[in-house]
Amino acid sequence: MADSRQRTGQHRAARRGAAALAVLVGLGALLLGATPAWAHNALVEASPKKDAKLSEAPAAVKLTFLATLKSDGTKLTVTGPDAAAASGPVTVSGKAVSAPFTGAAGGVYTVAYEVLSKDGHVVKGSYRFTLTVAESAAPSPSPVTESAQVSPSASLAAASTAPVADTEAGDPWWPWVGGATVAGLLVGGVVNLVKKRREKV
């Protein structure tokens, strides 16, 4: 009886050990299966931010990720509204990658990135932000003097109504001389007539 009980207890212990081992193996498999997912990198911060509207151009575009980046396989590009490149050389430092911003025109800019995860998985993504540039004020027209505002027709009218030089000074003088002569003759005739009447008396 004692031997049978002892054997039964051993079998139960063996079964319990096997069950515990199976549980441990299952948990290990789950953990190992989850490791690649945890190793994937992810973007956690961006400057400028997604859909940001800026009135001034940023000095640089900087992205920060969840895990440390590798220089090999890390890419960062910025494309302007005219489809031209708007970023300089890329710099990788720890979990961040950055590039100087070289855009100047107003419009929508696209930031695209590509990073390599620890498990070799490539993570790609992109987002946009808008740069609004104030339009320069139109130059004010230069003031026009009154003399410049006079139209040609007004100049002609002024010329036609302008006082003409004294042309009377150039009139012929003989009418005046003739008139004086006639007046002299008349006066002389009157004087002679008076003298004759006095002589008759």
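Residues numbered from 1 in each chain as written. Predicted model: local features only at pLDDT ≥ 70, side-chain atom pairs only at ≥ 80, totals over all residues. Heavy atoms only, no water.

We now examine the overall build of the chain. For the chain, the count of helices and strands is four helices and eight strands. Reading the helices (α) and strands (β) of the chain from amino to carboxyl end gives α-β-β-β-β-β-β-β-β-α-α-α. Buried positions account for 16% of the 201 residues belonging to the chain. Pairs at least 24 apart in sequence give 56% of the contacts found in the chain among residues at least 6 apart. For the chain, the accessible area works out to roughly 15,400 Å², and carbon and sulfur atoms hold 61% of it. (Helix = DSSP H or I, 4+ residues; strand = E, 2+ residues; numbered from the N terminus. Buried < 20%, exposed > 50% of the residue type's maximum accessible area, 1.4 Å probe, protein only. Contact = heavy atoms within 4.5 Å. Areas by Shrake-Rupley, 256 points an atom, 1.4 Å probe, with all protein chains shown as cover.)

The next subject is the pairing of strand S7 (residues 107-116). Relative to S7, strand S4 (residues 75-79) is paired through five bridges, and the arrangement is antiparallel. Bridged to Val-78 within S7 is Val-111. Strand direction decides the pairing type here: S7 and strand S8 (residues 122-131), joined by ten bridges, are antiparallel. In the strand pairing of S8, Val-115 is matched with Val-123. (Pairing = 2+ DSSP bridges.)

Now for the sheet that holds S7. Sheet architecture is open: four strands sit in the order S2-S8-S7-S4, paired in mixed fashion. Either end of the sheet is taken by a strand with one partner, and the two such strands are strand S2 (53-54) and S4.

This brings us to the side chain of Ser-87. Here Ser-87 shows up in the loop between S4 and strand S5 (91-93). For Ser-87, the side chain forms a polar contact with the main-chain nitrogen of Val-78, separated by 3.4 Å. Setting aside chain neighbours within four positions, we find Ser-87 in contact with Leu-76, Thr-77, Val-78, Ala-99, Pro-100 and Thr-102. (Polar contact = N/O pair within 3.5 Å; in protein donor to acceptor, adjacent residues only side chain to side chain.)

Read from one edge to the other, the open sheet built from four strands follows the order S1-S3-S6-S5, with strand pairing classed as antiparallel. Edge positions in the sheet fall to strand S1 (43-47) and S5, since each of these pairs with one other strand and no more. On average, each strand axis in the sheet is tilted by 15° relative to the strand beside it, whichever way the strands run. Bridge analysis of strand S3 (residues 60-65) against strand S6 (residues 96-100) gives five bridges, and the strand direction is antiparallel. Bridge pairing in S6 places Leu-63 opposite Val-97. (Axes fitted to C-alpha atoms, helices over the stretch in contact; angles between N-to-C directions.)

A word on the confidence of the model for the chain. For residues with low pLDDT, the predicted coordinates do not support detailed interpretation. Per-residue confidence for the chain gives a mean pLDDT of 73, with 48% of residues at or over 70. Within the chain, the lowest mean pLDDT, 50, falls on helix H2 (residues 146-149), and the highest, 97, falls on S4. Low pLDDT, under 50, characterises residues 28-38; the predicted model gives this stretch one contact beyond four residues in sequence or across chains. This stretch, residues 164-169, has a pLDDT under 50; its non-local contacts, to residues over four places away or in other chains, come to zero contacts. (pLDDT = per-residue confidence, 0-100.)

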